[in-house]
Amino acid sequence: MSEAPAVVGDADLHTHSTVSDGTEAPAVLMAQAAAAGLWGIALTDHDSTSGWAEAAAAVPATGVALIPGMELSTREGFMSVHMLAYLIDPSDERLLAETTRIRESRVSRAEEIVRRIGRDYDLSWDDVLAQTVEGTTIGRPHIADALVARGHVSTRSAAFAGILHPRAGYAQPHYAPDPLTGVRLIRAAGGVPVLAHPGTRGAERVIPPDRLARLADAGLFGLEVDHPENRADAKPRLRALAQQYGLAVTGSSDYHGAGKPNRLAECTTPSAVVERLIAEGHGSTPVLP
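The structure reproduced in this document is the subject of the present report. (Residues numbered from 1 in each chain as written. Predicted model: local features only at pLDDT ≥ 70, side-chain atom pairs only at ≥ 80, totals over all residues. Heavy atoms only, no water.)

1. Topic: the pattern of salt bridges
Our working definition: Each reported salt bridge corresponds to a side-chain nitrogen of Lys or Arg within 4 Å of a carboxyl oxygen of Asp or Glu.
If you walk through the whole model with that rule in mind, you get 11 salt bridges. Taking the shortest distance from any N to any O, the salt bridge between lysine 260 and aspartate 254 comes out at 3.2 Å. What you see here is one network of salt bridges that share partners, running through Glu112, Arg115 and Arg116.

As structure tokens, then:
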């Protein structure tokens, strides 16, 4: 267990940088967090911890605490389920092997999607690479940005609502472990798992109690209830489930810079929950000003 810092404040526990599908470098993200008046943020790039060092180096200048994290891809059948992983050991061999496999699958999936789109639209793999920086975990958002750059759609959101929507026939899934395996991997790496934005599909699609019970038994810490994309009709059900299974309720913006309309600090996690989370993690430690 980690020792919580003497002073803990509210934090935005779900943000992305250019390491995955955000549009701001980790250091810029930290500066934006300072401008937003946040005590701290968690950097949670998809299946990667590569942005931690740059973000940590920005802590003294920005005065913003960094909670190291990652958004681990998992999959339940055909449905993508994201698991936030806080304070993991970035060198854990099993977790490293799994995230490497996921990232490799993301790239091969992205190449196939671009090949399919290229039959009907002027789009190449080089167009997608032009939307990334060195070390980026390439995914559909970068294809979306390439479609915007080519003038096929107006925004990243429009790309996901149109060309990249499953009904268009171009997209396909990438490899990811099941959510139960994800929770176990995170805990084995000393981390604290939270189910990301579980209410985006509405109350009727909230995770079933029996499945949530299995995740809670395996070590799930909480549910990301206060999230701008969770539907209002789903939140009461999620809060009730969190209470039933003894899970924490977290809040986060899921900030992607210009990549999404979500605004940094629009949803946050209260200091008492942040303190509990820090106390449970032992794979890595927060970086404090």
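We are not done yet, so read on.
2. A short note on the nonpolar core
In globular proteins that are soluble, nonpolar side chains generally tend to be buried together. Our working definition: What we call a nonpolar core is a set of buried Ala, Val, Leu, Ile, Met, Phe, Trp, Tyr and Cys residues that are connected through their side-chain atoms within 4.5 Å. When accessible area is computed with a 1.4 Å probe and restricted to protein chains, residues below 20% of their type maximum are described as buried, those above 50% as exposed, and intermediate ones as partly exposed. Any pair of residues with heavy atoms lying within 4.5 Å of one another is described as a contacting pair.
Ranked by internal contacts, the top residues of the largest apolar core, which has 40 residues, are Met30, Ile88, Leu220 and Leu223. When sequence neighbours within four positions are dropped, the list of residues in contact with methionine 30 reads Ile41, Ala55, Ala58, Val59, Thr62, Val64, Ala65 and Leu66. Of all hydrophobic cores here, the second largest spans 19 residues; its members include Trp39, Ala42, Ala248 and Ile278.

3. Quick word on the sheet that holds strand β5 (residues 192-195)
Hydrogen bonds between backbone groups are what pair the strands of a sheet, and the pairing can be parallel or antiparallel. This is how it is decided: Two strands pair if DSSP finds at least two bridges between them. Per the convention used, a helix needs a DSSP run of H or I reaching at least four residues, while a strand needs a run of E reaching at least two, with both numbered from the N terminus. Inter-axis angles, ranging from 0 to 180 degrees, are taken between N-to-C directions of lines fitted to C-alpha atoms, where helices are fitted over the stretch in contact.
Overall, mixed pairing links the seven strands, which are arranged β1-β2-β3-β4-β5-β6-β7 in an open sheet. Edge positions in the sheet fall to β1 (11-15) and β7 (248-251), since each of these pairs with one other strand and no more. On average, each strand axis in the sheet is inclined to that of its neighbour by 35°, with strand direction left out of account. Alignment of strand β6 (residues 222-226) against β7, held across four bridges, turns out to be parallel. In the strand pairing of β7, leucine 223 is matched with valine 249.

4. Comments concerning the packing of aromatic side chains
The cut-off we apply is this: Side-chain rings of Phe, Tyr and Trp (the six-membered ring for Trp) are treated as a pair once their centres are within 6.5 Å; stacked means planes under 30 degrees apart, edge-to-face means over 60, and tilted covers the remaining angles. The criterion for a charge sitting over a ring is simple: Lys NZ or Arg CZ within 6 Å of the ring centre, and within 35 degrees of the ring normal.
The tally for this structure, following the rule as stated, stands at one aromatic pair. Both rings, one in tyrosine 121 and one in tyrosine 170, keep their centres 6.3 Å apart while their planes meet at 75°; by these two values the pair is edge-to-face. Within this pair, whereas tyrosine 121 is found in the loop between α4 (93-118) and α5 (125-129), its partner tyrosine 170 is found in the loop between α7 (156-161) and α8 (179-188), the two being separated by 49 residues in sequence. Given the relative accessible area of 12%, tyrosine 170 is considered buried. Positioned above the aromatic ring of tyrosine 175 is the side chain of arginine 101, whose terminal nitrogen or guanidinium carbon lies 3.6 Å from the ring centre.

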